[in-house]
Amino acid sequence: MSQIPVTPFEKRFRARVLIPGAVVLLLTAALCAAGVYITGRNTDTMALFGQQAEVWRATASGMDELAVAQESIALCDQCMREARAAKPDLAWLDKNIGARLHELHDADATYILDASDHPIYASLAGRSQPPATYESVAPAVGRFVALARGEIKRPSGRSNLNERLPGSPPEPLVLPPQPGMWDQPVTVNPTVRTTPNVIHATDMVRLGERVAFVSAMQMKWLDGSRAAANQPAPVLVSLRYLDDKFLTALGRQGMLAEPRLAMHPRLGADETSAPILDSDGAPLTTIVWKPMLVGSMAMKLLLLPAVAMFAIVALLVLLMSLKLRKMMRQDDQHLVKLRQAHIELQAKEAQAHHLAYHDVLTGLPNRALFNDNCDRALLRARHGEKMAIVLLDLDRFKNVNDRFGHLAGDELIREVGDRLSRVLKGKDAVARLGGDEFAILLEGDDLAEGMDCVLERILLDLHRPYDVLGNQAHIGVSMGVAVAPECGTDRTDLMRKADIALYRAKDDGRDCYRYFTPSMDETVQLRAMLEEDLRAAIASGSSLSVHYQPLVDSRQGKITGLEALLRWQHEEHGAISPQLFIPVAEETGLISALGDWVIEESCKVARDWPNLTIAINLSPIQFCDEGFADRVCDIVARAKVSPHQIEFEVTEGVVLDQNEVVRGALRRLRQMGFRIALDDFGTGYSSLSYLREFEVDRIKIDKSFVHSLGQTMDANAIITAVVTLGHAMGLQVTAEGVETADQEDFLRSAGCNVLQGFRFSQAVPANELTESMAEHARRAA
């Protein structure tokens, strides 16, 4: 297009209006920008000093909290008795001092020294350790023990930070000026605010490459008259490291971004630091963080007046510009509009094309574009070129959504897409299929270094932590791989095989990749066959049966109950193990119908044997059904069986489930009189505190511990401990898997209430119970 000639009017307009107006606008903008900039800098300086002061306050508070935690936990007569005992009760000390200091107050290490400063108890991360572990920290901590005992003094003349002796009040610590940080001396009060009940030596200390809060406390009797004046008191020593948890809390409370520790820091352009000193002024480390400056907020506030002034002048220029627009030629105006419309149309066409073939969230190719790319690659694969389809599914992604929200989940998905694109040569090789599912097309240069190398790089890169909306998240990835032409050259078939390999990776523990093999397809077909035949078996009930194994009273030798065990006799494949078909029932939703059938069959036996309890295993999936508890109550009521005769065996996962539907079902069953037994106790969390919360009636010791009796050194001790703790909580204890007389004798002497296993009887059908009962009675006699 030819250049529009400049008219005399336009020249005069530019000389008299546009140029002066532009000068005024520039001067106004410069004055406003200078004022906003100066104000923002001053505000940032104040914010920076406030954040540095927050660092010192947090370290002083950390010492304070550790000293107060010691006093609140260990200032008791029982602590003194155990500390002074010739053989202290280490289990009591571990539960009431070591574990509580760790769980309630984040103490990483706890030691108790006797009157001769010999360690008698040690706990690391809340778990009891040999007292000799104290030797690893003794060189650094010993000085504080001597300070707590008053045997030595600090350079200031005081023995500890909160010494209560008359005439020696704690003095403030004065930090000298630091270039680039603060120009005037800064006073920091290092005192620890505890009560005058006990004497602490509390400070910060470097232990190797780590820095920790340390507090040494003289233990004492609550009744002061019992203290022996000539006998040194035991000393409680606690350590809490300045670790990631401390830094995270510091960052959250003090508005510090990405805080970290560094002995000799190399600060980035956007970082600042504050030295961490002990109470004598000796440097220990430096906390480095990215300051969260509020100067930008001040700039926004001061920007409004500047914008108003600028708008007034700009309005005058705009009014003059309108006069110029009136003088433009009609043809020029039409040409400009036509060009703009053409550009907008091109942009909209490009946007529509991009949206049709790309994911909106990540910008990666979507399923449609991925399918097109696969089809083109498969044309080359049919001529001998190698290619592979990789399907990816993020592990533990749901936890991120539940914990941090869907916005964080979207941010994580975007970051995963960026990382995958960086690992591979071209961005078109990576696609998002939906949700947390991705797909990768490997060919050409991507396979030059080997497929395993590429997959390992993906695993390694996706395992790195993610910073999403100020929170750190960790996920894994499971991958299934189908290679062409070995696995075929049809895209749909390759995708199906890659999906099968993906599920094999999940079944193998996740966080891994698996190549498709023909045996995997056979496994899928087998599971499909089991599902179809199981549906038919449930509908007909012909090949399913319930067998019953006796539960024997350990003292009297009498049968007190039966456990219902489901059996499936397949018409073609014979007996199929419950370990094989129960997971299929759970995955396909058949477990509810199957479980209801087992309960109905068990109620028939319960009606025939009213003096025996019937134990029935329940799947965690059954508890997710909101109508499960009501349905069970209805089945038992129709069978005219007392709920007190029925005992449901559940796994620890059900007890620990936080889902309100699951918890409500447990509460409803207990309210109706059903008893609850915790099956396979010892193989999961085994938390007795949860047992107390949910009022479990019985615990069943897993048969793996019973089989280990006489074979491993700790099996006897574990079973004895479980029985003792169970009885202390008023719980019945059952041992399953009893096969030998030696196992029976030990379990009876250990105090197990009920025994179960092949030692007494195998599981038998209901029609053989009478004969089995009689046989057991003859043997017992």
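About the criteria used
Residues numbered from 1 in each chain as written. Predicted model: local features only at pLDDT ≥ 70, side-chain atom pairs only at ≥ 80, totals over all residues. Heavy atoms only, no water. Disulfide = S-S within 2.5 Å. Buried < 20%, exposed > 50% of the residue type's maximum accessible area, 1.4 Å probe, protein only. Helix = DSSP H or I, 4+ residues; strand = E, 2+ residues; numbered from the N terminus. Contact = heavy atoms within 4.5 Å. Core = buried A, V, L, I, M, F, W, Y, C linked by side-chain atoms within 4.5 Å. Axes fitted to C-alpha atoms, helices over the stretch in contact; angles between N-to-C directions. Left-handed = near helix turned anticlockwise from the far one by under 90°. Nonpolar A, V, L, I, M, F, W, Y, C, P; charged D, E, K, R; others polar. Arc of directions from axis to C-beta. Salt bridge = Lys/Arg side-chain N within 4 Å of Asp/Glu carboxyl O.

Enquirer: Please clarify how the state of the cysteines should be interpreted in this entry.
Expert: Cysteine pairs can be linked by a disulfide, which is a covalent bond between their two sulfur atoms. Applying the stated rule across the entire model yields one disulfide. Between the sulfur of Cys76 and that of Cys79 lies a disulfide, 2.5 Å long from S to S. Linking Cys76 and Cys79, the disulfide has an S-S dihedral of approximately 85 degrees and is accordingly described as right-handed. The exposure class of Cys79 is buried, given its relative accessible area of 1%.

Enquirer: What am I meant to see in the side chain of Gln743 here?
Expert: Positionally, Gln743 belongs in helix H23 (residues 741-750). Note on Gln743: relative accessible area 9%, which makes it buried. Excluding residues within four positions of it along the chain, Gln743 makes contact with Val706, His707, Leu709, Gly737 and Val738.

Enquirer: Where do I start with unusual backbone geometry in this structure?
Expert: Apart from glycine, the bulk of residues carry a negative phi angle, and the bulk of peptide bonds sit in the trans form. In this structure, the amide linkage connecting Ala484 to the following residue, Pro485, adopts the cis form with an omega of 10 degrees. Phi angles above zero are rare outside glycine, and Ala125 is one such case at about 55 degrees. In this structure, Ala125 sits in the loop between strand S2 (119-124) and strand S3 (127-129). Here Ala125 falls in the partly exposed class, since its relative accessible area comes to 45%. A positive phi angle, near 65 degrees, is found at Arg510, a position not held by glycine. For Arg510, the location among the structural elements is in the loop between helix H12 (491-507) and strand S18 (513-515). By relative accessible area, which is 39% here, Arg510 ends up partly exposed.

Enquirer: When you look at the nonpolar core in this model, what are you seeing that I'm missing?
Expert: By size, the foremost hydrophobic cluster in this structure holds 71 residues, and its most contacted members are Leu562, Phe623, Phe648 and Leu747. Of all the elements, helix H15 (residues 591-608) adds the most residues to this core, at eight residues. Within the second largest apolar cluster, 38 residues are counted, among which are Ala83, Leu101, Leu250 and Trp289.

Enquirer: What is the right way to look at the packing of helix H10 (residues 406-423) against helix H11 (residues 451-463) in this model?
Expert: For the pair H10 and H11, the least separation of the axes is 10 Å and the interaxial angle reads 145 degrees. For the element pair H10 and H11, the recorded crossing hand is right-handed. Residues Val416, Arg419, Leu420 and Val423 of H10 lie in contact with H11, whose contacting residues are Arg457, Ile458, Asp461 and Leu462. Looking at the contact of H10 with H11 residue by residue, the classes come out as five nonpolar, no polar and three charged.

Enquirer: I keep staring at helix H14 (residues 578-588) and nothing clicks. Help me out?
Expert: For the α-helix, the turn length of 3.6 residues means that residues three or four positions removed from each other point alike. Residues of H14 that are buried: Phe581, Val584 and Ala585. The arc that holds every buried residue of H14, seen down its axis, measures 100 degrees, which confines them to one face. For H14, exposure combined with an orientation more than 90 degrees from the buried face picks out Gln579 and Glu587.

Enquirer: Where do I start with the pattern of salt bridges in this structure?
Expert: If the charged atoms of two oppositely charged side chains come close together, the side chains can form a pair. Considering all chains together, one arrives at 37 salt bridges under this definition. For Asp511, the salt bridge is made with Arg396, and the minimal N-O distance between the two is 3.6 Å. Here Asp511 is found in the loop between H12 and S18, whereas its partner Arg396 is found in the loop between strand S12 (387-395) and helix H9 (397-404), with 115 residues between them in sequence. Classification of Asp511 as partly exposed rests on a relative accessible area of 28%. Owing to a relative accessible area of 40%, Arg396 belongs among the partly exposed residues under this scheme. Taking the shortest distance from any N to any O, the salt bridge between Arg778 and Glu775 comes out at 2.4 Å. Placement of the pair is Arg778 and Glu775 together in helix H24 (residues 769-780), with a separation of three residues, close to one helical turn. On the basis of relative accessibility, which here comes to 32%, the residue Glu775 falls in the partly exposed class. Salt bridges sharing partners connect three or more residues here, namely Glu65, Asp106, Arg240 and Lys245.

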